[in-house]
Amino acid sequence: MFLLLFSIYEFNGDVVIANQPSEALDHITVAVGGFAPIGGVETLVHSLALALHARNISAEVICWGAQSPLLADLETLGIPVLRTRFQWGCRWGLPDRLMFALRRRQWGSAKLIVFPKLLRPEVHLAIRRTQRTADNSRSVLITPYRPAEMWASEPPSQQLLECFDAIITQSADFEADLRKYGYKGPVSQLPHIPPKCELVVPSAPTPLTIGFLGRLAEDKRLDYMLEAVSSIPRSFDFRLELFGDGPLKTSLKERVTELGLGTKVKFNGFVERSKIKAAIDSCSLFAFSSRTEGLPVAAIEILSRGRPIVATRVGIFPELLADGTLGRLVPSDDPVYFGRVLVELGGEVLSNPSFAPQSIQDVYAARFGNSAVVDNYVELFQQILSSHQVSRGVQ
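Since the structure is predicted, the reported quantities are computational estimates derived from the model, not experimental observations.

Rules used in this analysis
Residues numbered from 1 in each chain as written. Predicted model: local features only at pLDDT ≥ 70, side-chain atom pairs only at ≥ 80, totals over all residues. Heavy atoms only, no water. Helix = DSSP H or I, 4+ residues; strand = E, 2+ residues; numbered from the N terminus. Rg over C-alpha atoms; globule rule 2.2 N^0.38 Å. Contact = heavy atoms within 4.5 Å. Areas by Shrake-Rupley, 256 points an atom, 1.4 Å probe, with all protein chains shown as cover. Axes fitted to C-alpha atoms, helices over the stretch in contact; angles between N-to-C directions. Parallel < 35°, antiparallel > 145°, perpendicular 65-115°, else oblique. Left-handed = near helix turned anticlockwise from the far one by under 90°. Nonpolar A, V, L, I, M, F, W, Y, C, P; charged D, E, K, R; others polar. Salt bridge = Lys/Arg side-chain N within 4 Å of Asp/Glu carboxyl O. Buried < 20%, exposed > 50% of the residue type's maximum accessible area, 1.4 Å probe, protein only. Pairing = 2+ DSSP bridges. 1 Å grid on protein atoms, 1.4 Å probe; cavity = no way out; pocket = protein on both sides within 12 Å on 5 of 7 lines; lining within 4 Å. Points joined across faces, edges and corners; volume = space filled by probe spheres on them.

Where do I start with the overall build of the chain in this structure?
A tally of helices and strands in the chain yields 17 helices and 13 strands. What you see for the chain is a C-alpha radius of gyration of 22 Å, in line with the 21 Å of a compact globule of 395 residues. Counting only C-alpha atoms, the chain reaches 70 × 45 × 40 Å along its principal axes. Put simply, of all contacts in the chain between residues at least 6 apart along the chain, 73% involve residues at least 24 apart. Accessible surface for the chain amounts to roughly 17000 Å². Of this, 53% is attributable to carbon and sulfur atoms.

Please explain the packing of helix α4 (residues 94-102) against helix α6 (residues 121-131) as it appears in this structure.
When two helices pack together, their arrangement is given by the angle between their axes and by how far apart the axes lie. At a closest axis distance of 10 Å, the pairing of α4 and α6 adopts a crossing angle of 15 degrees. Judged on the interaxial angle alone, α6 and α4 are roughly parallel. As α4 packs across α6, the resulting crossing turns out to be right-handed. Contact residues: α4 offers D96, R97 and F100, while α6 offers E122, V123, A126, I127 and T130. Classifying every residue of the contact of α4 with α6 gives four nonpolar, one polar and three charged.

I tried to follow the pattern of salt bridges on my own but got confused; where do I start?
Two side chains with opposite charge may pair up if their charged atoms get near one another. A full pass over the atoms with the stated rule returns 16 salt bridges. The partner of E122 in a salt bridge is R97, and the shortest N-O contact between them spans 2.9 Å. A residue pair is termed long-range when its members are at least 10 positions apart, and E122 in helix α6 and R97 in helix α4 qualify at 25 residues. As far as the burial class goes, E122 and R97 line up, both buried. R255 is paired through a salt bridge with E258; the nearest N and O atoms lie 3.0 Å apart. Of this pair, R255 and E258 both sit in helix α11 (residues 249-258), three residues apart, roughly one helical turn. By relative accessible area, R255 is classed as partly exposed at 28%. The class of E258 is exposed, set by a relative accessible area of 59%.

Which parts of the structure should I look at to understand the environment of E75?
Among the structural elements, E75 can be located in helix α3 (residues 69-76). On a C-alpha basis, the gap between E75 and P318 in space is 37 Å, while along the polypeptide they are 243 residues apart. Apart from residues no more than four positions distant in its own chain, E75 is found in contact with Q67 and V81.

Hey, could you run me through the sheet that holds strand β6 (residues 166-169) in this one?
Strands belonging to one sheet form pairs held by backbone hydrogen bonds; the direction of such a pair is parallel or antiparallel. Strand order in the open sheet formed by seven strands is β3-β2-β1-β4-β5-β6-β7, and the pairing between neighbours is parallel. Of all strands in the sheet, those bounded by a partner on one side alone are β3 (81-84) and β7 (187-189). Between one strand axis and the next, the sheet turns by 20 degrees as a mean value, whatever way the strands run. Note that strand β5 (residues 138-142) and β6 share three bridges and pair parallel. Following the sheet pairing, I142 is matched in β6 by I168.

Explain empty space enclosed by the protein here, please?
A water-sized probe, rolled over the atoms, reveals where empty space remains. For the structure shown, the criterion picks out one cavity of 30 Å³ or more. Here the largest cavity defines a volume of roughly 50 Å³. P37, I38, S68, P69, L70, F270, E272 and R273 are the residues that line the largest cavity. In the lining of the largest cavity, the residues fall into five nonpolar, one polar and two charged.

Just to check I follow, could you spell out the environment of D375 for this structure?
Summarising the element assignment, D375 is placed in helix α17 (residues 370-386). Taking relative accessible area as the criterion, D375 reaches 38% and is therefore assigned partly exposed. With 320 residues separating them in the primary sequence, D375 and R55 have C-alpha atoms 9.4 Å apart.

Looking at this structure, how should I read unusual backbone geometry?
What is expected of a backbone is that most residues other than glycine have negative phi and most peptide bonds are trans. Backbone geometry places N56, a non-glycine residue, at a positive phi of 60 degrees. Considering the arrangement of structural elements, one finds N56 in the loop between α2 (40-54) and β2 (58-64). Looking at N56, the relative accessible area reads 72%, which means it is exposed. A positive phi angle, close to 50 degrees, is found at R221, a residue other than glycine. Structurally, R221 can be placed in the loop between β8 (208-213) and α10 (222-230).

Here it is in structure tokens:
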């Protein structure tokens, strides 16, 4: 087994290739790599698979990790999930390598492989080698973060970029980043699959309830958010509700104690998928203090429930919040200003009809119509599949 793990570069094994014409979009393989219990990428995979299933396009999900409620939901609907349980040795890329070795038949026979995030570079190169023997096989990357932020410390190699016949981003700025890194293939701008709007009610007028929905991880920079809320006078009636779990939970709790926020901050832990709507509805507004982002799935879920957002200037947020109709932007180095904006927007939620749930939803629906976005994904996948101009990144 370990021989397979460490011989990816040499793999030229017997792959079952689909030699028939592949113009019809009837099947898509979604290759995720590590699948967390919940997260933005995982929610995107779940939403995409469901959307394709509803259009009578079969999909299969290839991943590794523990079982997840999102994966279980897909399996209940008859959507195949090819999950490798091995999840140790991530530092050396062992789970990705093993996933490649065990699913090598799928890599060669798949008409279209969609990657909602990057695997280990050597695994992408190996998959591309396998695809070279199948003229009808295509690869698409959906950028999980802004490329300039995702590759800030280590730019991608030209070989890695050429593993993808097309890349889907969420912004024109993201496309500009890709071009700067030397990607020459087609780039399309599409949001993640947005949830449909439902009737919601305003949050309680007091206290001002600031929410956060996501992983308690380093890239979310929650220590900065804690500094921001710490700058709000204690006499002001507010609370911060953190929905999610992650590796920084213990250190963040310690920081809450240090800042004297014990009565103002609540750690709600992991939120089951069925309870996310209620969690969002319990808050007046939501805050993001991230160091890097793409178009967070959590953000569009929050907006679909009629709650505005305060966020740092990363990822899609500068474009999403530029006109002020869906929230406010804050710098990444001024926690006092961040805290003041949270309070000001909280006041507008109560007094300004433009920030009533229905108003937020109206703006959201105009930008992120669910059916139109799904139509665009299906049309784009069909175009990629039918194209005869295939990049050959690995010789």
